[in-house]
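Listed below, chain by chain, are the residues.
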Amino acid sequence: MRREEAMVPEAEFRSYYGQPVIKSPVWHEPHMPAYLYLGGLSGAAAVMGVMAGLSGRDRLALTSRVTAALGATAGAAFLVAELGRPERFLNMLRVFKPTSPMSMGSWILAVHSGLTAVAATPVLLATRPASRIAASLPAAVTAVLPAAGDAASLASGVTGPLMATYTAVLLADTAVPAWHEAHRELPFLFAGSALAAAGAAGMLATPRAQAGPARAVAVLGAALETAAGAVLESRLGLVGEPYHQGRAGRLLRAARVLTAGGGLLAAVAGRGRVLTALSGLALTAGSLVTRFGILEAGRASAADPKYTVVPQRRRLEGEGRAPARAPARMWP
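From a predicted model like this one, the values you see are computed outputs, not experimental measurements.

## Examining a nonpolar patch on the surface
At step 1: Taken together, the side chains of Met51, Leu54 and Leu154 make up a nonpolar region of the molecular surface, amounting to roughly 350 Å² of accessible area.
At step 2: Classification of Leu154 by relative accessible area gives partly exposed; the value is 49%.

What follows is the structure, given as C-alpha cells:
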C-alpha cells in the first residue's frame, strides 16, 4: 500500500509573519555617529600627540593635545545628549565590570577625557585669550601644570587606542547581525578611521612644514580603514548585504571615496595649502560618514529577520543538528 503523500510541504521557519526577531537599535542621529567619530578622533590624536612630543615635534604635539581634549569633551557631550540626562552616564560609573563593554567604555571615556583635559590645560593657558586666567593662578600651580600636562599626555597615549576602538567592541557585543558578525574587522575599521581623522586634524591645524607625521598618519589610517572595510564586506556574505545596500550602502560608498581620495591627497598635501585643505576635509567627512553608514547598516540588519535566522540555521546545520521548524499551516 502506497504511503499517502503530504498535501502541504513542510514549512521552513524564518520569522513570525516576517517580523523582526530582535529589536532595532534605538541610537539617534546625529548624536551617536558624532560621538563615535569624536571619540575615535580624540583617541588617535592623543597617541599622535605623544609620538610627536617624544620625537621633538612640539607644534604638532600641542595641536594633537588640544584636538584630543576637544574631541573627548565634545564626544562626551553628544553621549550625554543621546542618554537624555547626565546622571545616566554617572550611574554607569557606579560599577566597574571588566566583562561588560558598556561598563569598561564608560570608564575609558571618563579617564581619557580627564587625562586629555589636563594635558591640554598648559597649552590653552599659554594662549593670549587665556593669559589673564593664567596670571591669576598661584605661582605654585603654574609651575606644576607643565609637568602635570606632560604626564597626563603620556598616560593618554595608553588610553587613546582603547578610546579609538572600544566603541567597535561595544557594537559587536550586541545581537545586531551586521555588527556582531563583523567583530573581527570593526576594531580595525574604527582604528583606521580614527587615525585618518586625527591625521586630518593635524594637517589642518599645523603648519605644513611641521605636519609631515600627521600626513603619514592620515595615509596609514585611510589605508587601514579601506582594507578593513573591504575584508568586512567580502567575509560576511549574506549578513554583509546591509553594508552595500540601501542608505547604508550609499553612505559607505561615499565614505570610501572620501577616505581613499583624502588619503591619496594626503601623500602629496605638503606641496600646497589647497591640497592640504582638500585632503583634511575629505578625510574628516569620510570618517564621520563611515560612522553614519555603520549605524545604518546595523539598523537595516536588525529590521530584516533573514539576517538573524538564516545564519543561525546554517550554524545549526553545520553542527549536525536539525533546526527547529514551524508546523505547516493548514489554512490561509
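## Observations concerning the side chain of Arg65
At step 1: Mapped onto the elements, Arg65 comes out in helix α2 (residues 58-83).
At step 2: Judged by its relative accessible area of 13%, Arg65 falls in the buried class.
At step 3: Within the structure, Arg65 has its side chain in polar contact with the backbone oxygen of Ala119 (distance 3.1 Å).
At step 4: What Arg65 contacts, discounting residues up to four positions off in sequence, is Thr116, Ala119, Ala120, Val123, Gly149, Asp150 and Ser153.

## Some words on the packing of helix α1 (residues 31-54) against α2
At step 1: Where α1 meets α2, the axes come as close as 7 Å, and the angle between the chain directions of the two elements is 160°. With respect to α2, the element α1 is oriented roughly antiparallel. Here α1 runs over α2; the crossing is left-handed.
At step 2: Considering only residue class, the contact of α1 with α2 consists of 17 nonpolar, 8 polar and 1 charged.

## Let's talk about empty space enclosed by the protein
At step 1: For the structure on display, the rule yields 2 cavities of 30 Å³ or more.
At step 2: If you trace the largest cavity, you find 13 residues lining it, with Leu189, Glu225, Gly229, Leu252 and Arg256 closest to the centre.
At step 3: If one sorts the elements of the lining of the largest cavity by residue count, helix α9 (residues 212-236) sits on top with 5 residues.
At step 4: Grouping the amino acids of the lining of the largest cavity by side-chain chemistry returns 6 nonpolar, 4 polar and 3 charged.
At step 5: Empty space within the second largest cavity amounts to approximately 40 Å³.
At step 6: In terms of lining, the second largest cavity is formed by Ala45, Ala46, Gly49, Arg65, Ala68, Thr116, Ala119, Ser153 and Ser156.
At step 7: Where the lining of the second largest cavity is concerned, the elements lending two or more residues are α1, α2, α4 (101-125) and α6 (139-172).
At step 8: In terms of residue count, α1 provides more of the lining of the second largest cavity than any other element does, 3 residues in total.
At step 9: Split into classes, the residues belonging to the lining of the second largest cavity amount to 4 nonpolar, 4 polar and 1 charged.

What counts, and at which threshold
- Residues numbered from 1 in each chain as written.
- Predicted model: local features only at pLDDT ≥ 70, side-chain atom pairs only at ≥ 80, totals over all residues.
- Heavy atoms only, no water.
- Patch = residues over 30% accessible without salt bridge, like charges linked within 9 Å, V, L, I, M, F, W, Y side chains within 5 Å.
- Areas by Shrake-Rupley, 256 points an atom, 1.4 Å probe, with all protein chains shown as cover.
- Salt bridge = Lys/Arg side-chain N within 4 Å of Asp/Glu carboxyl O.
- Buried < 20%, exposed > 50% of the residue type's maximum accessible area, 1.4 Å probe, protein only.
- Helix = DSSP H or I, 4+ residues; strand = E, 2+ residues; numbered from the N terminus.
- Polar contact = N/O pair within 3.5 Å; in protein donor to acceptor, adjacent residues only side chain to side chain.
- Contact = heavy atoms within 4.5 Å.
- Axes fitted to C-alpha atoms, helices over the stretch in contact; angles between N-to-C directions.
- Parallel < 35°, antiparallel > 145°, perpendicular 65-115°, else oblique.
- Left-handed = near helix turned anticlockwise from the far one by under 90°.
- Nonpolar A, V, L, I, M, F, W, Y, C, P; charged D, E, K, R; others polar.
- 1 Å grid on protein atoms, 1.4 Å probe; cavity = no way out; pocket = protein on both sides within 12 Å on 5 of 7 lines; lining within 4 Å.
- Points joined across faces, edges and corners; volume = space filled by probe spheres on them.

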